[in-house]
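Chain by chain, the residues run as shown.
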Amino acid sequence: MGALPGARCPICRKSAGPRPDNPAFPFCSPQCKLVDLGHWLEGSYRVPGPPVSSTGDAEGLEPRGRTDWPDGNTQEEDE
Ligand SMILES: [Zn+2]
């Protein structure tokens, strides 16, 4: 494993030190790391795209499973 040469801070574009020397890698400094974190918290880094919805499958499965269970089965378990 070797540090990538020429790594750049995605925030300020300064050269970021290699990982062993730089706990904030891939940022140049803890400050830039915090800036990036702030962007995430503000939602400005959100990945654009349609929301993944699997409601078609989920909604189809649950009611079907419920109606498939016979009432007698649950009563047997109770006794
Ligand atoms: Zn930076």
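Just so it is clear, the model here is predicted, and its values are computed rather than measured.

Topic: the overall build of the protein chain
A tally of regular secondary structure across the protein chain gives three helices and zero strands. Reading the secondary structure of the protein chain in the N-to-C direction produces α-α-α. Classification of the 79 residues of the protein chain by burial places 5% in the buried group. Intrachain contacts of the protein chain at a sequence separation of at least 6 include 8% that bridge at least 24 residues.

With respect to the confidence of the model for the protein chain
Chain-level statistics for the protein chain give a pLDDT mean of 75 and a share of 51% at 70 or above. Of all helices and strands in the protein chain, the one with the weakest mean pLDDT is helix H2 (residues 55–68) (57), whereas helix H1 (residues 30–42) scores best (92).

Some points on unusual backbone geometry
Of the consecutive residues Phe25 and Pro26, the connecting peptide bond is found in the cis state with omega at 5°. On the secondary structure map, Pro26 appears in the segment before H1. Of note, the phi angle at Arg13 is positive, near 70°, even though the residue is not glycine. Following the sequence through the fold, Arg13 ends up in the segment before H1.

Re H1
In this model, H1 (13 residues) spans 18 Å end to end at C-alpha, consistent with the 18 Å of a helix rising 1.5 Å per residue. Count one or two residues on from H1 and you reach Gly43, which has phi positive near 85°.

A few points about the environment of Arg13
Taking the C-beta count within 10 Å as the criterion, Arg13 has 10 such neighbours and is therefore assigned exposed. Residues Arg13 and Phe27, 14 residues apart in the sequence, show an inter-C-alpha distance of 8.8 Å.

Cut-offs used in this document
Residues numbered from 1 in each chain as written. Predicted model: local features only at pLDDT ≥ 70, side-chain atom pairs only at ≥ 80, totals over all residues. Helix = DSSP H or I, 4+ residues; strand = E, 2+ residues; numbered from the N terminus. Buried ≥ 20, exposed ≤ 12 C-beta atoms within 10 Å, placed from the backbone. Contact = placed C-beta atoms within 7 Å. pLDDT = per-residue confidence, 0-100. Expected span 1.5 Å × (residues − 1).

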